[in-house]
Amino acid sequence: MKHLLKLADLSAEEIMSVLNLADQLKYERKNNIEHHHLKGKQLGMIFTKSSTRTRVSFEVGMNELGGNALFLSGNDLQLGRGEPIKDTARVLSRFLDGIMIRTFKQSDVEELAEYGSIPVINGLTDYCHPCQVLADLMTIREYKGSFRGLKLCFIGDGNNMANSLIVGGIKMGMEVAIACPDGYRPDPDVCAWAQKEGKLLITSDIQAAAENADAVYTDVWASMGQEAEKAEREKVFKHYCVDEGVMAAAKPDAMVLHCLPAHRGEEITEEVFEAHAAEIFDEAENRLHAQKAVLVKLLK
Ligand code: CP
Ligand code: NVA
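Treat the numbers as computed from the prediction; the structure is a model and nothing was measured.

Draft legend 1. Seen up close, helix H2 (residues 53–64). An ideal rise of 1.5 Å per residue puts 16 Å on twelve residues; H2 measures up with 16 Å between its terminal C-alpha atoms. Listed as buried for H2 are Thr54, Ser57, Phe58, Gly61 and Met62. Considered in projection along H2, the buried side chains sweep an arc of 125 degrees and stay on one side of the axis. Here the buried face of H2 lies against strand S1 (42–47), strand S2 (68–73), strand S3 (98–102), strand S4 (120–122), helix H5 (130–144) and helix H12 (277–299).

Draft legend 2. Expanded view of the packing of H5 against H12. Look at H5 against H12: their axes get within 7 Å of each other, and the N-to-C directions meet at 120 degrees. In terms of axis orientation, H5 runs oblique to H12. Where H5 crosses over H12, the two elements pack in a sense that is right-handed. Facing Cys131, Gln132, Leu134, Ala135, Asp136, Met138, Thr139, Glu142 and Tyr143 of H5, the residues of H12 in contact are Ala278, Glu279, Asp282, Glu283, Asn286, Arg287, His289, Ala290, Gln291 and Val294. Here the contact of H5 with H12 is composed, by residue class, of eight nonpolar, five polar and six charged.

Draft legend 3. Expanded view of the pairing of strand S7 (residues 200–203). Both strand S6 (residues 175–179) and S7 contribute to a ladder of four bridges, which runs parallel. What sits directly across from Val176, in S7, is Leu200. The β-α-β motif built from S6, the intervening helix H7 (residues 188–197) and the parallel element S7 has right-handed crossover chirality.

Draft legend 4. Spatial organisation of the sheet that holds S4. Read from one edge to the other, the open sheet built from four strands follows the order S2-S1-S3-S4, with strand pairing classed as parallel. Each having just a single partner strand, S2 and S4 make up the two edges of the open sheet. Geometrically, the sheet is characterised by an average inter-axis angle of 20 degrees between neighbouring strands, direction not taken into account. Its contacts with the sheet put H2 on S1, S2, S3 and S4, and the angle it makes with S1 is roughly 175 degrees.

Draft legend 5. Main features of the pairing of S3. Of all five residues in S3, five are buried, a share of seventy percent or more. In S3, alternate side chains face the same way, and those of Gly98, Met100 and Arg102 on one face and Ile99 and Ile101 on the other are all buried. Judged from the three bridges that link them, S3 and S4 form a sheet pairing that is parallel. In the strand pairing of S4, Met100 is matched with Ile121. Assessed by its sense of winding, the connection that carries the chain from S3 through helix H4 (residues 106–115) to S4 is right-handed.

Draft legend 6. Seen up close, the packing of helix H1 (residues 12–30) against H12. The contact between H1 and H12 brings their axes to 8 Å, and the two run at 115 degrees. When you trace H1 past H12, the crossing you get is right-handed. Between H1 and H12, the contacting residues are Ser17, Val18, Leu21, Ala22, Leu25, Lys26 and Arg29 on the first element and Glu285, Asn286, Leu288, His289, Ala290, Lys292, Ala293, Val294, Val296 and Lys297 on the second. Classifying every residue of the contact of H1 with H12 by side-chain character gives nine nonpolar, three polar and five charged.

How each quantity is defined
- Residues numbered from 1 in each chain as written.
- Chains lettered and ligands numbered in written order.
- Predicted model: local features only at pLDDT ≥ 70, side-chain atom pairs only at ≥ 80, totals over all residues.
- Heavy atoms only, no water.
- Helix = DSSP H or I, 4+ residues; strand = E, 2+ residues; numbered from the N terminus.
- Expected span 1.5 Å × (residues − 1).
- Buried < 20%, exposed > 50% of the residue type's maximum accessible area, 1.4 Å probe, protein only.
- Arc of directions from axis to C-beta.
- Contact = heavy atoms within 4.5 Å.
- Axes fitted to C-alpha atoms, helices over the stretch in contact; angles between N-to-C directions.
- Parallel < 35°, antiparallel > 145°, perpendicular 65-115°, else oblique.
- Left-handed = near helix turned anticlockwise from the far one by under 90°.
- Nonpolar A, V, L, I, M, F, W, Y, C, P; charged D, E, K, R; others polar.
- Pairing = 2+ DSSP bridges.
- Right-handed = clockwise from strand over helix to strand, strands pointing away.

Rendered as structure tokens:
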């Protein structure tokens with residue numbers, strides 16, 4: 001593992017190994033066992049989109065590992081004034097030990113990795129969100145014990161979350177079902193890959209996707225960068241809501257996951273969200289542990 005650009009680049013064994021290390025780091029943190037694996041290491045964090053969880057968990061994670069993190073706002077970097085990614089990559093590689101980047105285009109993240117000489121971690125693009133899905137997989141295994149025989153259902157936009165959940169879910173051997181409106185399907189290459197590798201259902205039938213699911217996942221109807229489409233999307237996604245009807249179709253002990261931030265009354269009801277808040281906030285906490293594992297794997 002040289003970078004974390006997308007989950008498709010990782011083998012099932014590499015993902016499992018990150019999850020195992022994440023569990024260990026979570027245990028050590030809980031028991032106050034020092035784990036300064038990255039003493040003196042510097043992580044740069046480039047953000048051209050907003051963030052609560054990703055920013056705080058990476059910064060705290062680096063500190064807990066004995067290193068340091070620098071918040072680099074896209075607007076304040078010369079990048080925001082047109083300095084090319086390939087030059088930014090070569091400059092930052094002289095100062096830092098790793099870069100985390102959250103931005104729009106996946107190709108920008110790939111270019112940063114290509115021209116830089118240090119590990120690059122994708123903290124979300126329009127295409128995928130691998131760090132989130134590592135935390136999601138960790139949470140599913142925590143609650144369900146293993147991935148064997150599980151069905152993961154995602155209801156909503158075929159967005160960055162859907163793309164990464166399909167790849168991560170299939171690689172871990174789960175059956176994945178996506179309910180989304182036609183015209184809002186996940187990336188066609190991701191779907192084609194998944195259909196070849198495992199069990200993937202893509203449908204506009206919410207009940208069919210949720211049927212017998214062990215984990216029900218949802219995300220916002222309009223992602224960062226899609227603000228102008230908000231009104232249109234509210235119409236298209238009106239029925240794509242995780243509500244009691246969806247939960248009745250899923251297994252009685254189904255867990256609910258949400259990457260957050262959540263829009264209650266849109267993709268999830270207040271009632272379902274609060275009934276499953278324990279899982280959802282464990283999932284948010286697990287961002288810290290999963291990313292610390294990625295940082296140790298890449299920067300140590
Ligand atoms: N889930 C997630 O990535 O949250 P932030 O946008 O707050 O980082
Ligand atoms: N799909 C959402 C995920 C936020 C964590 C977005 O890209 O805004």
